[in-house]
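In case you want the letters, here they are:
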Amino acid sequence: QVQLVESGGGLVQPGGSLRLSCAASRSISHVTVMNWYRQAPGKERELVASITTYGVTDYTDSVKGRFTISRDWKTVYLQMNSLKSEDTAMYYCNIDPPIPWGQGTLVTVSS
């Protein structure tokens, strides 16, 4: 089974940018949909962005115009611009349907 490792999180000021990476243990070219999720403290995990093998993307309304998801044969990326405090969360990637969750990467947006 493929394993996914997220990285790229950190502390950033409001308005700043981060690029998250999700590295797979083997090729994900055959995986139809790859997703980025996030879970803020005290809240349920939510789907943030999706991308298909054909490059079709979808975003939750709160990040449209600010986040961009992309993928290659072994990695999924999430470019996050114009970050806001409400983007603070643990970010996870997963396939669709989901496999066991990885450790995630923490994004903290604060001045």
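The present account deals with the structure reproduced in this document.

About the criteria used
- Along each chain, numbering runs from 1 in the same order as the chain's sequence is written.
- Reporting in this predicted model follows two pLDDT cut-offs: at least 70 for local features of residues, and 80 or more for side-chain atom pairs to be given and counted; totals over whole chains, interfaces and linings ignore these cut-offs and use all residues.
- Each side-chain value is worked out from all heavy atoms of the structure, with water and hydrogens disregarded.
- When a carboxyl oxygen of Asp or Glu lies within 4 Å of a side-chain nitrogen of Lys or Arg, that pair is called a salt bridge.
- Every helix listed is a DSSP run of H or I at least four residues long, and every strand listed is a run of E at least two residues long, numbered separately from the N terminus.
- By convention a nonpolar core is built from buried Ala, Val, Leu, Ile, Met, Phe, Trp, Tyr and Cys residues, the set being connected through side-chain atoms within 4.5 Å.
- Residue exposure (1.4 Å probe, protein chains only): buried if accessible area is under 20% of the type maximum, exposed if over 50%, otherwise partly exposed.
- A contact between two residues is defined here by any heavy atoms of the two lying within 4.5 Å.
- Two cysteine sulfur atoms make up a disulfide if the distance between them is within 2.5 Å.
- One bridge is not enough; two strands pair if DSSP finds at least two bridges between them.
- Convention adopted: a line fitted to C-alpha atoms gives each axis, helices being fitted over their contacting stretch, and angles between N-to-C directions are expressed from 0 to 180 degrees.

1. Focus: the pattern of salt bridges
When the charged atoms of two side chains with opposite charge come close together, those side chains can pair.
Line of reasoning, step 1. Evaluated as defined, the whole model comprises 4 salt bridges.
Line of reasoning, step 2. Here D87 makes a salt bridge to R66, at a shortest N to O gap of 2.7 Å. Of this pair, D87 sits in the loop between β8 (75–80) and β9 (89–95) while R66 is found in the loop between β6 (57–59) and β7 (67–71), placing the two residues 21 residues apart along the sequence.
Line of reasoning, step 3. Through salt bridges with shared partners, a single network forms among R38, E46, R66 and D87.

2. Some remarks on the nonpolar core
Line of reasoning, step 1. In terms of nonpolar packing, the biggest core is built from 30 residues, with L4, W36, F67, L78, M80 and Y91 touching the most fellow members.
Line of reasoning, step 2. Looking at this core, the elements with two or more residues in it are β3 (18–24), β4 (33–39), β5 (46–52), β7, β8, β9 and β10 (105–109).
Line of reasoning, step 3. If we skip the residues at most four places from it in the chain, M80 touches G16, S17, L18, L20, R66, F67, Y91 and V107.

3. Some points on the side chain of S21
Line of reasoning, step 1. In this structure, S21 sits in strand β3.
Line of reasoning, step 2. Residues within four places of S21 in sequence aside, it is in contact with V5, E6, S7, W36, T75, V76 and Y77.

4. Let's talk about the state of the cysteines
Two cysteines, two sulfur atoms, one covalent bond between them: this is a disulfide.
Line of reasoning, step 1. This model, assessed by the stated rule, comprises 1 disulfide.
Line of reasoning, step 2. For C22, the disulfide goes to C93, at an S-S distance of 1.8 Å. One quick way to see it: the torsion about the S-S bond of C22 and C93 is about 60 degrees, and its sign makes the bridge right-handed. Of this pair, C22 sits in strand β3 while C93 sits in strand β9, and the two are 71 residues apart along the sequence.

5. A word on unusual backbone geometry
Line of reasoning, step 1. Each neighbour pair has its own omega, and for D96 with P97 the value is 0 degrees, a cis peptide bond.
Line of reasoning, step 2. Looking at the element boundaries, P97 is found in the loop between β9 and β10.
Line of reasoning, step 3. One non-glycine residue, S82, adopts positive backbone phi at about 50 degrees.
Line of reasoning, step 4. Relative to the assigned elements, S82 resides in the loop between β8 and β9.

6. Here's the deal with the environment of R19
Line of reasoning, step 1. By secondary structure assignment, the location of R19 is in strand β3.
Line of reasoning, step 2. Residue classification places R19 among the partly exposed residues on the basis of a relative accessible area of 48%.
Line of reasoning, step 3. The spacing of R19 and M80 is 61 residues in sequence and 6.0 Å in space, taken between C-alpha atoms.
Line of reasoning, step 4. Not counting the four nearest positions on each side in its chain, R19 is found in contact with S7, G8, Y77, L78 and Q79.

7. As for the sheet that holds β6
Line of reasoning, step 1. The strand order across the open sheet formed by 6 strands is β2-β10-β9-β4-β5-β6, and the pairing between neighbours is mixed. For this open sheet the edge positions go to β2 (10–12) and β6, each flanked by a neighbour on one side alone. Ignoring strand direction, the axes of neighbouring strands in this sheet form an average angle of 20 degrees.
Line of reasoning, step 2. Inspection of the sheet shows β9 paired to β10 by 3 bridges, in the antiparallel sense.

Everything listed here is a matter of coordinates, which is why it stays silent on function.
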